[in-house]
Amino acid sequence: MVGPWIATQLFVGKNELSAVTRARIGNAIARAQELARIDAVMIWPSAVPGLTEELVRASRHSGIAPFLWFPVLADVPGFPVPADSLTLNSDGSRGNGSIGAWEGLAGGEESFLFSCPNAAGNLDSVFQTYESLLSSLDVEGVMLDRIRFPSPASGWESLFCCFCESCRAGFHAFAGLSLDLMRQRAQAFMRRIRERGPSELRAVWTAPGTLWKAAGLEKLAAFRARSVTSVVRRFSSLARARGLEVGLDLFSPSIAPLVGQDYETLCSLCDWIKPMTYCHAVGPAGLPLEIASLWKALSTLHSEADAPATGDLLSDVFSWQLPGAAGELLRSGLSDEVISSELEMIGRMSLASRPRVYAGIEAVRMPEFGIDVTPAMLARSLRRVQPPADGIVASWNLLHIPEENLRLIGALKG
C-alpha cells in the first residue's frame with residue numbers, strides 16, 4: 001500500500017435506490033477507486049435481497065476490500081428493537097428522550113432507538129443475523145457501529161440509562177449495589193439542575209467524563225462501559241475467529257464517555273478504530289449536534305439559564321471554542337482544529353493495545369444533515385489528519401461524496 005490507508009462507507013437505503021440504479025451504484029464504487037484510490041469500503045447491510053452481496057462483488061471487481069458495516073445495538077436492517085428491549089430511562093420511559101433531543105430523530109430510515117446491551121434475547125437475535133452475514137459475504141472484515149448507549153442527541157433523559165431488569169441484576173453483581181440508588185441519584189441530579197440551572201455544574205463538571213461524578217453515578221458509568229465492551233468482545237471474537245479484521249466506529253474521544261465507550265478497553269478488541277471526528281454534521285455523532293443537544297437540554301431544564309454562560313460551561317468542559325448560541329453552532333460547526341486535538345487525545349492514552357487509527361472525516365454533500373463539504377473545507381480537514389492518524393474513512397456515504405472531493409482524498413496517496 002502506498003500512502004495512508006483510505007476507506008469510505010456505503011449506505012444504500014430507500015432514498016438512494018429511488019434516485020439511482022444498481023448499475024450506477026456499482027459505477028460509483030469503481031469511480032471512487034479511480035479517483036480516490038480507496039483501499040476499502042464499509043458496506044451497510046441492505047434489507048433488499050441480494051443487494052449486499054452485489055455491492056461486495058462490485059467492490060472486489062474494482063480492487064477494493066469490502067468490509068461489513070454492522071450496526072449492533074440500533075437500526076439493524078429488518079430487525080427493529082422490540083419495545084421491551086429498548087433502553088429504560090430513570091423516568092420510566094423507554095428509548096429516546098425529549099429534553100434537548102434532535103428533532104431529526106423521527107425522520108429517515110434510521111431511528112437511533114437503542115437496545116440495552118444487556119437485553120440478551122434481542123442481542124442473541126442480532127448476533128444470529130451478524131453470524132449469517134459473515135457466513136454469506138466475501139468480506140475482508142467488519143466495522144462494528146452503534147456500539148453504545150444513547151447520546152445527547154437522543155435527549156437528556158436517555159443519557160443516564162439503563163434501568164431495565166437485565167441491568168438491575170447485572171449492576172448488583174458488578175457493584176454490589178441496588179440500581180434503584182443510581183436511579184434516585186439520576187433523578188435528583190436532574191432536579192438540582194432544574195432548580196439551580198447549569199451553574200450547579202460549574203465546579204463539578206470539568207471534563208466530559210466527570211458528568212458522572214457530578215451526578216454521583218460513577219459506578220453506573222463503569223457498568224455501562226463494561227456492558228458495551230462485553231457486547232463488542234462477543235461480536236469481535238466471532239469475526240477474529242474467522243480470520244477477519246475488526247474495526248470499531250467510535251464516538252470522538254471527548255464525548256465517548258457520555259455513551260459508554262471506553263477507548264482503553266475497546267482498543268484491545270480490534271485492529272483499528274475510526275473516531276468520528278465530525279466537526280460539521282448535524283446528525284448523531286456529529287460534534288456540533290451532540291454539544292448543541294447538551295446546550296439545549298440545560299437551557300430547557302432551567303428556563304432562566306443564560307445561553308452565553310451555558311456555552312462557556314460547555315467550552316470549558318470540552319476545551320473547544322464555542323459560539324454564543326446553540327443554533328449558531330449547528331450552522332457554523334466547529335473549527336477543524338478539533339480534529340487534531342481529538343486525534344492527539346487518542347495518542348496520549350495509555351493503551352495496552354494500540355490499534356491503527358483511521359480518522360472519520362466528513363466528505364459529503366448532504367443538505368438533510370446540514371452538511372455541505374466543499375473542497376476547501378475538506379482540504380482543511382485532511383491537513384489535520386496526518387500525522388497522527390494512520391489513514392481516513394471518508395464519511396459517511398460514498399454516494400454523496402462529489403468527485404472533486406474524491407480527487408482531494410486520492411491526493412493523500414501522493
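Conventions adopted
- Residues numbered from 1 in each chain as written.
- Predicted model: local features only at pLDDT ≥ 70, side-chain atom pairs only at ≥ 80, totals over all residues.
- Heavy atoms only, no water.
- Buried < 20%, exposed > 50% of the residue type's maximum accessible area, 1.4 Å probe, protein only.
- Helix = DSSP H or I, 4+ residues; strand = E, 2+ residues; numbered from the N terminus.
- Contact = heavy atoms within 4.5 Å.
- pLDDT = per-residue confidence, 0-100.
- Salt bridge = Lys/Arg side-chain N within 4 Å of Asp/Glu carboxyl O.
- Expected span 1.5 Å × (residues − 1).
- Pairing = 2+ DSSP bridges.
- Axes fitted to C-alpha atoms, helices over the stretch in contact; angles between N-to-C directions.

So, on to helix H15 (residues 375–383). Three or more residues of H15 are buried, namely Met 377, Leu 378, Ala 379, Ser 381 and Leu 382. Against the buried residues of H15 lie helix H14 (337–348), strand S7 (356–362), strand S9 (371–372), strand S10 (391–395) and helix H16 (403–410).

Let's shift gears to the confidence of the model for the protein chain. When pLDDT drops low, the exact placement of atoms in the prediction is not to be read closely. Within the protein chain, residue pLDDT values average 94, and 99% of them lie at 70 or more. Element-level pLDDT for the protein chain is lowest in helix H1 (residues 14–19), with a mean of 83, against a maximum mean of 99 in strand S4 (residues 141–145).

What follows deals with the pattern of salt bridges. What the rule picks out here adds up to 23 salt bridges. Salt-bridge contacts for Asp 138 lead to Arg 60; the nearest nitrogen and oxygen are separated by 3.2 Å. Taken together, the positions of Asp 138 in the loop between helix H4 (120–136) and S4 and Arg 60 in helix H3 (residues 51–61) put the pair 78 residues apart, joining distant regions of the chain. Judged by relative accessible area, Asp 138 falls into the partly exposed class, the value being 47%. Residue Arg 60 is classed as partly exposed on the basis of its relative accessible area of 31%. Asp 372 is the partner of Arg 365 in a salt bridge, and the nearest nitrogen-oxygen pair spans 2.5 Å. In the salt-bridge network here, residues are joined through shared partners; they are Arg 31, Glu 34, Glu 403 and Arg 407.

Take the environment of Pro 77 next. Examined against the element boundaries, Pro 77 turns out to sit in the loop between strand S3 (65–71) and H4. For the pair Pro 77 and Ser 136, spaced 59 residues apart in sequence, the C-alpha separation works out to 16 Å. Pro 77 has contacts with Trp 44, Pro 45, Ala 47 and Pro 71, leaving out every residue within four places of it along the chain.

An α-helix turns once every 3.6 residues. As a result, residues three or four positions apart point the same way. With twelve residues, helix H12 (residues 307–318) ought to run about 16 Å at 1.5 Å a step, and its terminal C-alpha atoms sit 16 Å apart, in line with that. Among the residues of H12, those classed as buried are Thr 310, Gly 311, Leu 313, Leu 314, Ser 315, Val 317 and Phe 318. Looking at the packing, one finds that the buried side of H12 touches helix H11 (287–301). Two residues or fewer past H12, Ser 319 is found with a positive phi of approximately 60°.

Moving on: the environment of Ser 353. Looking at where Ser 353 falls in the secondary structure, it is placed in the loop between H14 and S7. For Ser 353, a relative accessible area of 29% translates into the label partly exposed. Distance from Ser 353 to Leu 159, taken between C-alpha atoms, is 29 Å for residues 194 residues apart in sequence. Ignoring sequence-local partners within four residues, the contact set of Ser 353 consists of Cys 267 and Ser 268.

Okay, the sheet that holds S7 next. The eight strands are arranged S1-S2-S3-S4-S5-S6-S7-S10 in a closed barrel whose pairing can be described as parallel. Put simply, the sheet's adjacent strands are angled 25° from each other on average, direction ignored. Pairing analysis gives four bridges linking strand S1 (residues 5–10) to S10, with the strands arranged parallel. Paired with Trp 5 across the bridge in S10 is Gly 391.

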